[in-house]
Amino acid sequence: MTRRPFKLVRIARAGGHASILVFFITFLAFPFYWMLMTTFKTTIDLHDVSKNPFLFNEPPTLEHLAVLFQDTQYLQWLINTGVVGIAVVLITLVLAVPAGYALARMTGPWAQTLGIAIFLTYLVPPTILFIPFARIIATLGLQDSLWSLVLVYPSFTVPFCTWLLMGFFKAIPRDLEDAAMIDGLSRLGAFVKVVMPISLAGVLTAVIFAFTLVTQEFVYGVTFITSASSYTVSVGVPTFLVRGDVYFWGSMMGACLIASVPIAIIYNLFVDRFVAGFTVGAVK
C-alpha cells in the first residue's frame, strides 16, 4: 500500500520536472524559431493575420535573404563586426584579466570598494558619454573609422569584465598559488600555469560578453560611423531595412538569425565550462 503512493509521487515529480524543462526550452528556443519562420515566409503570409503565424501557410521563399545580401552590404557589416569584436575582445582581456586578478588578491577593505567602483562605471548610460567620446574621436581623426569603435567599446567592456573576472579569481584558493610558488614558480608563472587554466570559464564568459556587446551596440556605432561600408550589423540592419514606416521583417529576421546563431552555438559548446566556473570553490 505504501509503494503505490510513493511511486505516484515519483511520477508526479518527474512530470513536474519535465514540464518545467519543456517550458524553459520552448521559451528560450522560440525567438530562434520565430526568426527562422519569418526569414523564409512570403510577405503575404507574414501580413495575413487570418492564417496561423507559427506555420508555413505558403511555400517557403528566399526573397528576404536575396534582399538582405543583394540590396544591402550585409556581408561587409558582418566582417566589420567581426573585426571590431575581435579587437575589442583582445583589448578587454589584456586589461581586465590582470586587473581582476589584482583586485581579487588585494587585501584590505579597499579591494571590494574599488571593485564595485569599477563596476559602477559600466552602469553609466552611453548617451551621457558619447558627446565627450565624440570630441576625443574628432581630436584623434578617427571619424568614420572602425578604430573609433575599437577605442570606445572597451570603456564599458573592461569595467564589467574586470568585476566579473574578479569573482572568478576570488573563488580560486590562494593555497594553489602558494604551492606552485613553493615548487619554484614565480608569481607570474603561478598565475599563468595554475590560475588561468582554472579560470578559463570566466575568461570565456568575458569573451562572449564583449563580443555580444559589439554585435548589439547601436548608439556609438551610429554616432561615429557615417559610411554604409563601415557599419556594423547592429547599425546597418535597422538603417537599411527600416524605411520610414516600412519594415522588411523577413530580411531583418534573417540578419538577426545569421548574426546570433554562431554566438549561441559557441556558448552551448562551452556551457559546461561556464557552469563549472561559476561553481568552482563551492566544493573543496
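Residues numbered from 1 in each chain as written. Predicted model: local features only at pLDDT ≥ 70, side-chain atom pairs only at ≥ 80, totals over all residues. Heavy atoms only, no water.

A. Representation of the packing of helix 11 (residues 200–216) against helix 14 (residues 249–269) within the structure. It is the contact of helix 11 with helix 14, at a shortest axis distance of 11 Å, that shows an interaxial angle of 170°. As the angle between them shows, helix 11 and helix 14 are arranged roughly antiparallel. Here I208, F211, T212 and T215 of helix 11 lie close against helix 14, whose contacting residues are I263, I266 and Y267. Residues that form the contact of helix 11 with helix 14 fall into these classes: five nonpolar, two polar and no charged. (Axes fitted to C-alpha atoms, helices over the stretch in contact; angles between N-to-C directions. Helix = DSSP H or I, 4+ residues; strand = E, 2+ residues; numbered from the N terminus. Parallel < 35°, antiparallel > 145°, perpendicular 65-115°, else oblique. Contact = heavy atoms within 4.5 Å. Nonpolar A, V, L, I, M, F, W, Y, C, P; charged D, E, K, R; others polar.)

B. Local environment of the side chain of T39. Mapped onto the elements of the fold, T39 is located in helix 1 (residues 3–40). Every residue in contact with T39, bar those within four places of it in the chain, is listed here: T61, H64, L65, G250, M253, G254 and L257.

C. Molecular detail of the layout of surface pockets. Put simply, the largest pocket is a space of about 610 Å³. Residue lining of the largest pocket: 23 residues in total, with F32, C256, A259, S260 and V261 positioned closest to the centre. Counting only elements with at least two residues in the lining of the largest pocket, the list comes to helix 1, helix 11, helix 13 (233–241) and helix 14. At twelve residues, helix 14 tops the list of elements feeding residues into the lining of the largest pocket. Grouping the constituent residues of the lining of the largest pocket by class yields 17 nonpolar, six polar and no charged. (1 Å grid on protein atoms, 1.4 Å probe; cavity = no way out; pocket = protein on both sides within 12 Å on 5 of 7 lines; lining within 4 Å. Points joined across faces, edges and corners; volume = space filled by probe spheres on them.)

D. Structural detail: helix 4 (residues 74–105). Relative to the 46 Å expected for 32 residues at 1.5 Å per residue, helix 4 spans 45 Å between its end C-alpha atoms, a close match to the ideal helical length. Along helix 4, the sharpest change in direction is near 25° and occurs at L93. (Expected span 1.5 Å × (residues − 1). Bend = angle between axes of the 7 residues up to and from the residue.)

E. A look at the environment of C161. Position of C161 relative to the elements: it lies in helix 8 (residues 154–170). What makes C161 buried here is its relative accessible area of 0%. Contacts of C161, omitting those with residues within four sequence positions, involve T92, A96, A206 and F209. (Buried < 20%, exposed > 50% of the residue type's maximum accessible area, 1.4 Å probe, protein only.)

F. Main features of the pattern of salt bridges. For the structure on display, the rule yields three salt bridges. Where K51 meets E58, a salt bridge forms, and the shortest distance between an N and an O atom there is 3.4 Å. On the accessibility criterion, E58 (25% relative accessible area) is partly exposed. Among the salt bridges present, the one from E177 reaches R105, with a minimum N-O distance of 2.5 Å. Separated by 72 residues along the polypeptide, E177 in helix 9 (residues 174–182) and R105 in helix 4 bring together distant segments of the chain. E177 sits in the buried class, given a relative accessible area of 1%. Sharing partners across several salt bridges, the network here consists of D48, K51 and E58. (Salt bridge = Lys/Arg side-chain N within 4 Å of Asp/Glu carboxyl O.)

G. Up close: the environment of F156. Following the sequence through the fold, F156 ends up in helix 8. A relative accessible area of 10% means that F156 is categorised as buried. Once the C-alpha coordinates of F156 and P125 are considered, the two residues, 31 residues apart in sequence, prove to be 9.9 Å apart. Dropping the residues within four chain positions of it, F156 is found in contact with Y122, F209, L213, E217 and Y220.

H. Region of the structure containing helix 3 (residues 63–70). Residues of helix 3 that are buried: H64, L65 and L68. The buried residues of helix 3 occupy an angular sector of 95° when the element is viewed end-on, so they sit on one face. (Arc of directions from axis to C-beta.)

I. Seen up close, the confidence of the model for the protein. Taken over all residues, the pLDDT of the protein has a mean of 83, while the share at 70 or more is 92%. Throughout residues 280–284 the model reports pLDDT below 50, and contacts reaching past four residues in sequence, or to other chains, amount to three contacts. (pLDDT = per-residue confidence, 0-100.)

J. Spatial organisation of the nonpolar core. With 51 residues, the main nonpolar core has V84, L149, Y153, F169, Y220 and V237 as its most contacted residues. Take this core: its biggest share by element is ten residues, from helix 4. Setting aside residues up to four positions removed in sequence, Y153 forms contacts with V84, V88, V214, E217, Y220 and G221. (Core = buried A, V, L, I, M, F, W, Y, C linked by side-chain atoms within 4.5 Å.)

K. Molecular detail of the packing of aromatic side chains. Applying the stated criterion to the full structure yields 18 aromatic pairs. Members of the aromatic cluster, connected to one another through ring pairs, are F133, Y153, F156, Y220 and F224. (Phe/Tyr/Trp six-rings, centres within 6.5 Å; stacked < 30°, edge-to-face > 60°.)

L. Inspection of unusual backbone geometry at higher detail. Notably, D144 is not glycine yet its phi reads approximately 55°, a positive angle. Mapping D144 onto the fold places it in the loop between helix 6 (126–140) and helix 7 (146–152).

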